[in-house]
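# Observations on the model geometry
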2 protein chains.
Amino acid sequence: MRTGLNKEKIIRVAAEMADEKGAADVTFKELAERLGIKSPSLYKHFIGGLDELNKELMLYGWRLMDGEITKAVIGKAKDDAVIALCYAYRKFVSEHKGLYEVMQWYNMYESEEHQQASAGAVDVMYRALASYELTEEQKVHTVRLIRSFLQGFSTIEVNVGKDYPVPLTDSFDFALKTMLNGIANIQNIVQ
Amino acid sequence: MRTGLNKEKIIRVAAEMADEKGAADVTFKELAERLGIKSPSLYKHFIGGLDELNKELMLYGWRLMDGEITKAVIGKAKDDAVIALCYAYRKFVSEHKGLYEVMQWYNMYESEEHQQASAGAVDVMYRALASYELTEEQKVHTVRLIRSFLQGFSTIEVNVGKDYPVPLTDSFDFALKTMLNGIANIQNIVQ
DNA sequence: CTATAAAGCTAATCGTATTAGCTATTATAT
DNA sequence: ATATAATAGCTAATACGATTAGCTTTATAG
């Protein structure tokens, strides 16, 4: 019988599943169970199989994050904007560990598509830097620094056991200040 | 017949294989072929199967990197030490993309073991900071910043398509300078 | 020399992904 | 309204790698 499913609904369930059980445990078998259908039926929606689902999950994840960090930055400028963006990124990851794994993990394979998917989030970073007096090249460097840090920090935080006696949050703030300080002194930094 | 294999040799072949084909494509099937044995025989060396192999690969990778960055830092202090360490880390990743994937990827599951594996590399970072006038807490923050950046930057660099018109190397240097600048101004940064 | 452990092998099993082909339901064109 | 086509589901069968069971050969300790 018809269940009224479509790609979008399936992706949402798959994303939940990823967050609950980890990216590697999103199987067609269990996804189908959760949706109340049999696993071969999933091929009606994802002809490319598990691979296609993962790609769509990745795209979905980046769109979602894009939305979150965009909201966070609205009406803010300079340091306030950067700080808000970084907090929003970190919050997103903490709430979507599994989905974030897919966003990272799947990138190993389809880097072209991944590039485009994350372009939205990167673009928000550029806009957040608009209010600084920076050359285009300086903006590129800065975005790459912030992006690298956020990505690395998130990965570490998600998988870390202990953050005692020095809380990770303090280190996060420290890092933000260091980077903002770098932006402020950018003329002295770049030859 | 006896082939004279042992864990160490198998791991080395598996590491090569990871670098050639990517972490996800290290299968018992092909690994056995490369070693000239049948895949069930691998269980004589890795009772825990593919899982155990991956864990050992991860440990091997971190030991290897530990050695590399340790060498790089010898006889250097302060900024020179940090710069050398970061370059060595980046070089290691560029030469061991697949192995590095395993080092990252496997961490999702066994975070306790991963912690210990990467502890060596983290320790080298602490030593590299020894020559600065920093409190223990400041060192922790600094190590976490550098580590996050290196991890994020590496992941991005490995999977990125284009670094044109702004070369990634320039961004790497920019980031290093920004972070070193942050270390120099650390008193002003921490409240 | 012999007993035993180690390291290999073949054959069989398991689990998930995937494909093939069938059926009912929905949507659409006449 | 009705005939037709496309869609979304199903069952049965296949494929492929991981894994397990049980056998055999080779080193080696005593």
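Before going into details, it helps to say that this report is about the structure given with it. Within any chain, residue numbers begin from 1 and follow the written order of that chain's sequence. Written order decides the labels, with chains lettered from A and ligands numbered from 1. With pLDDT at 70 or above as the cut-off, local features in this predicted model cover only qualifying residues; side-chain atom pairs require 80 or more to be listed or tallied, and sums for whole chains, interfaces and linings still use all residues. Side-chain metrics in this entry use all non-hydrogen atoms of the structure; hydrogen atoms and water are not considered.

### Quick word on the packing of aromatic side chains
- Classification of ring pairs uses Phe, Tyr and Trp, with its six-membered ring standing for Trp, and accepts pairs whose centres are within 6.5 Å; under 30 degrees between planes counts as stacked, over 60 as edge-to-face, and the remaining range as tilted. The tally for this structure, following the rule as stated, stands at 12 aromatic pairs over all chains.
- Taking the centre distance of 5.4 Å and the plane angle of 40° together, the rings of Phe149(A) and Phe153(A) count as tilted. Of this pair, Phe149(A) and Phe153(A) both sit in helix H7 (residues 136–159), four residues apart, which is roughly one turn of the helix.
- Between Tyr89(B) and Tyr100(B), the ring centres sit 6.1 Å apart and the planes meet at 80°, which makes this aromatic pair edge-to-face. Comment: elements are numbered from the N terminus, with helices defined as DSSP H or I runs of at least four residues and strands as E runs of at least two.

### Some details on the protein's contact with DNA strand C
- Taken together, the neighbourhood of DNA strand C is formed by 19 residues, with Arg2(A), Arg2(B), Lys38(B), Ser41(B) and His45(B) sitting nearest.
- The contact in question runs from a phosphate oxygen of DNA strand C to an N or O atom on the backbone of Phe28(A), over 3.1 Å.
- The term polar contact refers here to a pair of N or O atoms within 3.5 Å; inside protein, the definition further demands a hydrogen-donor-capable atom paired with an acceptor-capable atom, and it admits residues adjacent in sequence only when both atoms are side-chain atoms. Here Leu50(A) contributes a backbone N or O atom positioned 3.0 Å from a phosphate oxygen of DNA strand C.
- Sorting the residues of the surface near DNA strand C by element identifies helix H2 (28–35) and helix H3 (49–73) of chain A as the ones contributing at least two each.
- By the convention adopted, Pro, Cys, Tyr, Trp, Phe, Met, Ile, Leu, Val and Ala count as nonpolar, Lys, Arg, Asp and Glu as charged, and the other residues, Gly among them, as polar. Tallied by class, residues from the surface near DNA strand C come to eight nonpolar, six polar and five charged. The cutoff for a nearby residue is simple: one of its non-hydrogen atoms must lie within 4 Å of the molecule or strand.

### Section: the interface of chain A and chain B
- Contact definition: two residues touch when any of their heavy atoms are within 4.5 Å. Facing 45 residues of chain A, the contacting portion of chain B comprises 45 residues.
- Put simply, buried area is how much 1.4 Å-probe accessible surface two parts lose in total, over both of them, once they are put together. Buried area between chain A and chain B, both sides added, is near 4,000 Å², and the carbon and sulfur share of it is 63%.
- One side-chain nitrogen of Lys or Arg within 4 Å of one carboxyl oxygen of Asp or Glu is enough to make a salt bridge. At the boundary of chain A with chain B, the tally comes to zero salt bridges.
- On the surface where chain A and chain B come into contact, there are six residue pairs in polar contact (both at pLDDT 80 or more).

### Some points on the relation of the copies chain A and chain B
- Structural alignment of chain A on chain B gives an RMSD of 0.0 Å, achieved by rotating through 180° and translating 0.0 Å along the axis. One copy is carried onto the other by what is essentially a two-fold rotation axis. Overlaid copies result from least-squares superposition on C-alpha atoms, with residues included only where pLDDT is at least 70 in both.

### What to know about the nonpolar core
- Nonpolar cores are built from buried Ala, Val, Leu, Ile, Met, Phe, Trp, Tyr and Cys residues. Side-chain atoms within 4.5 Å join them into one set. Whether a residue is buried, partly exposed or exposed follows from its accessible area with a 1.4 Å probe, protein chains only, as a fraction of its type maximum: under 20%, in between, or over 50%, in that order. Core analysis: the biggest nonpolar cluster contains 124 residues, and Leu31(A), Met65(A), Leu150(A), Leu31(B), Met65(B) and Leu150(B) have the highest contact counts within it.
- Beyond its immediate sequence surroundings of up to four residues, Met65(A) is in contact with Tyr89(A), Phe92(A), Val93(A), Tyr100(A) and Met103(A).

### A short note on the protein's contact with DNA strand D
- By nearness alone, 19 residues border DNA strand D, and Arg2(A), Lys38(A), Ser41(A), His45(A) and Tyr43(B) come closest of all.
- Leu50(B) is positioned such that a nitrogen or oxygen atom in its backbone is 3.0 Å from a phosphate oxygen of DNA strand D.
- Elements that contribute at least two residues to the surface near DNA strand D include exactly helix H2 (28–35) and helix H3 (49–73) of chain B.
- Residues that form the surface near DNA strand D fall into these classes: eight nonpolar, six polar and five charged.

### Considering the state of the cysteines
- Our working definition of a disulfide is a cysteine sulfur pair at a distance within 2.5 Å. Considering all chains together, one arrives at zero disulfides over all chains under this definition.
- The closest cysteine sulfur to the non-disulfide-bonded Cys86(A) is located on Cys86(B), 19 Å from its own sulfur.
- Since its relative accessible area comes to 0%, Cys86(A) is described here as buried.

### Digging into H7(A)
- The end-to-end C-alpha distance of H7(A), which contains 24 residues, comes to 35 Å, matching closely the 34 Å that a straight helix rising 1.5 Å per residue would cover.
- Within H7(A), 20 of the 24 residues are buried, which leaves it mostly tucked inside the rest of the structure. Here, expected helix span is obtained from the residue count minus one, scaled by 1.5 Å.

### Let's talk about the packing of H7(A) against helix H7 (residues 136–159) of chain B
- Running from N to C, H7(A) and H7(B) cross one another at 105°; their axes reach a closest spacing of 6 Å. When the axis of H7(A) is compared with that of H7(B), the two are roughly perpendicular. Contact with H7(A), carried on its side by Leu145(A), Arg147(A), Ser148(A), Phe149(A), Gln151(A), Gly152(A), Phe153(A), Thr155(A) and Ile156(A), involves Leu145(B), Arg147(B), Ser148(B), Phe149(B), Gln151(B), Gly152(B), Phe153(B), Thr155(B) and Ile156(B) of H7(B) and no other residues of that element.
- Taken together, the residues that form the contact of H7(A) with H7(B) break down as eight nonpolar, eight polar and two charged. Helix axes use the C-alpha atoms of the stretch in contact, all axes being lines fitted to C-alpha atoms, and the angles between their N-to-C directions lie in the range 0 to 180 degrees. In this scheme, roughly parallel covers angles under 35 degrees and roughly antiparallel covers those over 145, while 65 to 115 is roughly perpendicular and the rest are oblique.

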